[in-house]
Amino acid sequence: MKLTDTTIKIVTVHPSGTVRTLINTELRNRGYSDVVGAADLQTVIGILETGLIHWLITPIMMDDKVNILQILKLITEDPTMMDMRISFMVDESSHAPLISKAFDLGLLSLHRRMSTKADIEEEFRTLFSRDVACGGELSLVSAEYLRQFLKDDKRHVELLRFEKSLFHYHVGNLKLLLCLAEAHLHNNQFEQARNLFSQALLVDPTMQPDIDALLQKFPDAQGQADAQAAVKAPEVLGIKSCLVVEPDQDTLNTIVGLLKQLGVQTVYPYQDSTQAIQWLDQKIIPELVIFEWRLPGMPGPILVQNLRSILGYGTPLTVMNKDLTERDMPVLHEMGVTDRIRKPIDPHHFFQDVIWVINQDRSPSEPVILLQKIRQAMQDQNFEKLAAFTKRYMDSDKATEAEKNLLQAELAYYRGHYPAARNMALHVLKSGLASVEVLNLLGKTMMKMRDFESALCCLENAEVICPSNVKRLCHIAEAHLEMGDRQDFEAHVDEAKDIAPQSQDITEVEIKGALVYGDSEKAGELMKSLESLLSIVSFTNNRAISLIRTDRFDQGLQLYKEAAQAVPENRAEVLAILHYNQGLALARVNRLEEAREQMEAAAALKSEKIRSKVSSLKGRIQKAIESKQQLELTVSRETTPEAVSSDPQKDYEELMMALKINPGDLCCHKIYHEPIISPELKEKLEKPLRFKKRSSIQRNTPGKAS
């Protein structure tokens, strides 16, 4: 939900019809078109049973059949309601523990005077000005209200705990750093506050007046901070390690010194990129990598791909170079770069650039960073993170509709819905977004649909725009392999090897080539270096099925045999799958004795993953042999890429069902924790809510603000 979206549905609750009218009039004057009033929370529940509410503005109502804590709790538990926000109208006699528990559950704002027209105008003016100041980030808007509430209630210990937790998710936010320092002052922790002031001034000297104003409120805290105070307070970045690759020794020393000033405890400095890669191979994972783009011995694109092959997308990669500009960033982003640092190194700009990168890593809001997080979640098969980052991307005002459609195409590809992915990617291409990402996705999708000529066209065009991409070169090599062009296959494999000889993608495509050309010994040796052989199994099965369907049964069968012969003996599950697939192919042409042998071989390997499938097919084959009848098997739609279709909107909705609330998603929920709750409040909170859960909700269209 965004307060700037005037199409959201707002429900105001108040027992006084006059007050409701005043509030609704003010909201409509601000441009909101869908505003309705309700006398009680029972009416609100009725509205929720039939549709969505984005913003509920209500007094604290605890004595009715429905109490407000029940609704707050419902929002935290039902993924379909995660876009709903609640604001309280309270009087001075309101119960403080209830309010703090409400913030724990995701309360947006707290308004103490809402009975007159002037009061209402002033309260909304404050709310909307805070929303602008916080850049529309509702967790920060809510934090403003919670912070003031804790100060007014003199709960300084809880205030400090909250400020530390909030800053963890917004590292580098200097306004929050001062709020954290003020919380230390309220707890008489003057040295900690002074150290934070030193860090703030290190990053932005113009903050001195704000610091002076704070110190005037706490005379006992005034004093000179020592020169090393900033190093003693590592809160600005919140990271402990960084890898720096910079060939110039003086520049390297400067960067190390600046990182130490930001509180980074361990900096790994390297002048040679090859040595840096060898160090990373020891499985030491830094929290940040900073590197010069033009390095002797290893060009930037090659280094980036080596780094990403080791680190994935979980670690930010920041490039430095005096000649790089914003125009270069789209290509750099496609390679896997997170951001750039300006050269020559200027401390002020350096601090800003590094803080931005870490802040985006912790709490991403930029589309390019969100896409990197989404791809990492796909790689890790982390559906909760995939859903969370996808929703942020779709809700972002910074991504275009074409870019959001492209993400939906990527999600369709990820789920194996290749026709849908192709159609959406083509739609994006026709809309004018002819980017590397679109061409690359189209190429991969065409590969899955075994349209290798079209795949080559897309992939080669993408390679012209952004050359030396190892994954793409491997896809191009595989397309040539499938088309029977051995010379071009080997040429592209060699080209990829020149860039990243240790890449797993190269090993996989070399295995595929060895299987196609009958070199099971080479395939077997290469397989030993891979942790997973699933892509090899998929390639073998898809190619074998394609050969069989084009009346080349013996070639398809031979491919299964080559693969089974090559797989190392300790990969029992992979061998079992290959034997099963080979047996299934034989059973389809009623070579039942041979099929039974394959099923027995699969059963002997005792793979839990396919045990029931092996047992079932083996039994049917045996029965057909004994009855001397043909075995009739239906063709699985799963083996026909063209038959697997999908509705992108349905895909998106299904993905959203995996959505869970993370810190910052629902105001201060999971950032602030109310440590104490009275038995009376606990009883109210846990009281069962009579709510008829909707079987289907019309969610917001992906890409539109909620």
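Caption draft 1: Region of interest: the overall build of the protein. A tally of regular secondary structure across the protein gives 33 helices and twelve strands. Summarising its shape, the C-alpha atoms of the protein cover approximately 85 × 65 × 45 Å along the three principal directions. Taking all 706 residues of the protein together, the buried fraction comes to 54%. Long-range contacts, defined here as pairs at least 24 residues apart, represent 66% of the contacts in the protein between residues at least 6 apart. A gap of 5 Å separates the mean positions of the 84 positive and 98 negative side-chain charges of the protein.

Caption draft 2: Here's a closer look at the confidence of the model for the protein. Per-residue confidence for the protein averages 87 on the pLDDT scale, and 92% of its residues sit at or above 70. Confidence drops under a pLDDT of 50 for residues 637–645, and excluding neighbours within four residues, the segment shows 16 contacts in the predicted structure. Note on residues 695–706: pLDDT is under 50 here. Beyond four places in sequence and across chains, it has 34 contacts.

Caption draft 3: Examining helix H30 (residues 592–604) more closely. Between its first and last C-alpha, H30 extends 18 Å over 13 residues, near the 18 Å set by a 1.5 Å rise per residue. Residues of H30 that are buried include every one of Leu592, Ala595, Arg596, Gln598, Met599 and Ala602, and no others. Projection of H30 onto a plane perpendicular to its axis shows the buried side chains occupying an angular sector of 160 degrees, all on one side. Every exposed residue of H30 that faces more than 90 degrees away from the buried side is listed here: Glu597 and Ala604. Contact partners of the buried residues in H30: helix H29 (572–588) and helix H31 (611–627). Lysine 606 sits one or two positions beyond H30 and adopts a positive phi of about 55 degrees.

Caption draft 4: Region of interest: the sheet that holds strand E6 (residues 241–245). Strand order in the open sheet formed by five strands is E7-E6-E8-E11-E12, with parallel pairing between adjacent strands. Each of the sheet's edge strands pairs with one partner strand only, and the pair in question is strand E7 (266–270) and strand E12 (339–341). Averaged over all neighbouring strand pairs, the angle between strand axes comes to 20 degrees, with direction disregarded. For E6 and strand E8 (residues 289–292), the ladder comprises three bridges, and the chain directions are parallel. For valine 245, the partnering residue across the bridge sits in E8 and is phenylalanine 291. Strand contacts of helix H13 (residues 273–280): E6 and E7, with the helix running at about 150 degrees to E6, the strand carrying the most contacts. Across the sheet, helix H16 (residues 347–362) lies against E8, strand E11 (317–320) and E12, angled at about 160 degrees from E12, the strand it touches most.

Caption draft 5: Summary view of the packing of aromatic side chains. With the rule as written, the count across this model stands at 13 aromatic pairs. The interplanar angle of 65 degrees and the centroid separation of 6.3 Å between the aromatic rings of phenylalanine 350 and phenylalanine 351 together place this pair among those described as edge-to-face. The exposure classification of phenylalanine 350 matches that of phenylalanine 351, with both residues buried. Following the ring pairs from residue to residue traces out a cluster consisting of Tyr32, Trp55, Phe124 and Phe128. The cationic tip of arginine 130 hangs over the ring face of tyrosine 145; the distance from NZ or CZ to the ring centre is 4.4 Å. Across the ring face of tyrosine 517, the terminal group of arginine 486 is positioned such that the distance to the ring centre comes to 4.0 Å.

Caption draft 6: Expanded view of the sheet that holds strand E5 (residues 109–111). Taking strand neighbours across the sheet as the criterion, the five strands line up as E2-E1-E3-E4-E5 in an open arrangement whose pairing is parallel. One side of each edge strand has no neighbouring strand; the edge strands of this open sheet are strand E2 (34–38) and E5. Each neighbouring strand pair of the sheet contributes to a mean axis angle of 20 degrees, computed without reference to strand direction. Here strand E4 (residues 85–89) runs beside E5; their pairing, made up of three bridges, is parallel. The residue of E5 that forms the bridge with methionine 89 is histidine 111. Lying over the sheet, helix H1 (residues 17–29) contacts strand E1 (9–13), E2, strand E3 (55–59) and E4, oriented at roughly 170 degrees with respect to E2.

About the criteria used
- Residues numbered from 1 in each chain as written.
- Predicted model: local features only at pLDDT ≥ 70, side-chain atom pairs only at ≥ 80, totals over all residues.
- Heavy atoms only, no water.
- Helix = DSSP H or I, 4+ residues; strand = E, 2+ residues; numbered from the N terminus.
- Buried < 20%, exposed > 50% of the residue type's maximum accessible area, 1.4 Å probe, protein only.
- Contact = heavy atoms within 4.5 Å.
- Lys, Arg positive; Asp, Glu negative; His and termini not counted.
- Charge placed at Lys NZ, Arg CZ, Asp CG, Glu CD.
- pLDDT = per-residue confidence, 0-100.
- Expected span 1.5 Å × (residues − 1).
- Arc of directions from axis to C-beta.
- Pairing = 2+ DSSP bridges.
- Axes fitted to C-alpha atoms, helices over the stretch in contact; angles between N-to-C directions.
- Phe/Tyr/Trp six-rings, centres within 6.5 Å; stacked < 30°, edge-to-face > 60°.
- Lys NZ or Arg CZ within 6 Å of the ring centre and 35° of its normal.

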